[in-house]
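# A structural walkthrough
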Amino acid sequence: MVKLSVIVPFYNVRQFAPDTLRSLKANAREDVEFLLVDDCSSDGTRDLLERAAEEVPGAVLLPHESNGGLATARNTGLDAARGTYLTFLDGDDWYAPGHCGRLLAAAERLGTDFVRVDHVQVTGRARQIHRMPHGRREVPLRPVDAILPADRSTSVDYPYAWAGIYHRRLLDSGVLRFRDGLRTAEDRPWIWRLHREAESFAVTSLHGVFYRRGVSSSLTQIGDVRQLDFLRAFDQVVEETSTHERAAELLPKAVRTYCAVMAHHLESIGRFEPAVARTLRAESAAALRRLPQDILRATLTALGPERAARLRRVRRGQALTRSAAPTAAVPATRVHEEAAR
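Predicted model only: the values in this text are computed from it and were never measured.

## Observations concerning the packing of aromatic side chains
- Throughout the structure, instances matching the rule amount to 13 aromatic pairs.
- Measuring from centroid to centroid gives 5.2 Å for Phe178 and Trp190, while their planes differ by 5 degrees, and the two rings are stacked. Separated by twelve residues along the polypeptide, Phe178 in the loop between α5 (168–172) and α6 (187–197) and Trp190 in helix α6 bring together distant segments of the chain. Side by side, Phe178 and Trp190 carry an identical accessibility label, which is buried.
- Aromatic ring contacts, followed pair by pair, group Phe88, Phe114, Tyr166, Phe178, Trp190 and Phe201 into a single cluster.
- Over the ring of Phe88 we find Arg74; its NZ or CZ atom is 5.6 Å from the centre of that ring.

Have a look at this one:
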């Protein structure tokens, strides 16, 4: 019987895949399966995965015929998963030995729909523990309550799908699926749906996931049109949250996070190709106009003068000033933390 399905998408990560695959082998158990989704890699990653399917106990190769992006690759793994519980790992990250067993033990001990964990961020040789932004641990909680308050970093600002374990009933009800085709920010509507629709969750102090930051092929480091999918992702968050029974409480948080992430991209607009930068400005203006205007006005008042002024200029169709100069990419974790401020 498979207790845990680990879904691991890979796309052109030949340099890092050996570390990932070794960590899976160090977590092999009779009740764990590793679903290796090759999203049509072209750099030799597929060859490594074919060998791993023969050498790593519980490993199954699921090849794509065309590249679909991370969200679609994760859905491929969800479709094939047989476990009572499910979790995720990205193809350039890795687990500490025995992490899967500790995850399973936490899920069975706490008995909730899902359990969230901490992680270790890896930048070169540096290691830093990042904690799930929720103080109460080892007790069952209501997920929808953990979305708030709007002006602080909360559980939905820690959207990493791989930082947790999820009961199969969430898959059977459709909550765990990602929006096909999203190339970035695919975890934002996912984490919001998880917290709106699941009935219970808990947080435990495990940090056996190692997240590799600053990979040059990561979309957080590339200023092309795929980055603009954050607009579609947050449109989905706002649209779905607006139909919730607690919409009046939750929408200010959704709008504030959307505006903060939008302001971040506009601040670093100089790293985008000119045509993409023009599209970013135009689509950001349209997004601001379709947000609930009363909530938007309150959000801009609370967001801080620089970010608010930048968003107001874009909404009116005015050119950006110094914010258009090229800037270094801000770490994804910092964007998540700043989104609530």
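## Thoughts on the pairing of strand β6 (residues 114–117)
- Judged by which residues are buried, β6 turns out to be covered on both faces: Phe114 and Arg116 on one side and Val115 and Val117 on the other are all buried.
- Pairing of β6 with strand β9 (residues 164–167) involves three bridges; the strand directions are antiparallel. Its bridge partner lying in β9, Val115 is registered against Ile165.
- For β6 and strand β10 (residues 201–204), the ladder comprises four bridges, and the chain directions are parallel.

## Topic: the packing of helix α8 (residues 247–267) against helix α9 (residues 274–290)
- Running from amino to carboxyl end, α8 crosses α9 at an angle of 160 degrees, the nearest separation of the two axes being 11 Å. In terms of orientation, α8 lies roughly antiparallel with respect to α9. Seen from above, α8 lies across α9 with left-handed handedness. Residues Tyr258, Cys259, Met262, His265 and Leu266 of α8 touch α9, and the partners they reach there are Leu280, Arg281, Ser284, Ala287, Leu288 and Arg290.
- Looking at the contact of α8 with α9 residue by residue, the class counts come to seven nonpolar, two polar and two charged.

## Quick word on the confidence of the model for the protein chain
- Of all residues in the protein chain, 91% attain a pLDDT of 70 or more, and the chain-wide mean is 91.
- In the model, residues 322–341 has pLDDT below 50 throughout and makes 52 contacts with residues more than four positions away in sequence or in other chains.

## Examining the pairing of β9
- Here β9 shows a buried face lined by Gly164 and Tyr166 and a second buried face lined by Ile165 and His167.
- Bridge count for strand β4 (residues 85–88) against β9 is two bridges, and the pairing is antiparallel. Bridging across to β9, Tyr85 finds its partner in His167.

## Things to note about helix α3 (residues 70–80)
- Every buried residue belonging to α3 is among Ala71, Thr72, Ala73, Arg74, Asn75, Gly77 and Leu78, and all of these are buried.
- Its buried side turned inward, α3 meets β1 (4–10), β2 (32–38), β3 (59–63), β4 and α5.

## What to know about the packing of helix α7 (residues 229–241) against α9
- Where α7 contacts α9, the axes come no closer than 10 Å and their chain directions differ by 10 degrees. The angle between the axes of α7 and α9 places the two elements in the roughly parallel class. Each of Phe230, Leu231 and Asp235 in α7 lies in contact with α9, whose residues at this interface are Leu280, Glu283, Ser284, Ala287 and Arg290.
- Among the residues making up the contact of α7 with α9, the classes are represented as four nonpolar, one polar and three charged.

So, how was this worked out
Residues numbered from 1 in each chain as written. Predicted model: local features only at pLDDT ≥ 70, side-chain atom pairs only at ≥ 80, totals over all residues. Heavy atoms only, no water. Phe/Tyr/Trp six-rings, centres within 6.5 Å; stacked < 30°, edge-to-face > 60°. Helix = DSSP H or I, 4+ residues; strand = E, 2+ residues; numbered from the N terminus. Buried < 20%, exposed > 50% of the residue type's maximum accessible area, 1.4 Å probe, protein only. Lys NZ or Arg CZ within 6 Å of the ring centre and 35° of its normal. Pairing = 2+ DSSP bridges. Axes fitted to C-alpha atoms, helices over the stretch in contact; angles between N-to-C directions. Parallel < 35°, antiparallel > 145°, perpendicular 65-115°, else oblique. Left-handed = near helix turned anticlockwise from the far one by under 90°. Contact = heavy atoms within 4.5 Å. Nonpolar A, V, L, I, M, F, W, Y, C, P; charged D, E, K, R; others polar. pLDDT = per-residue confidence, 0-100.

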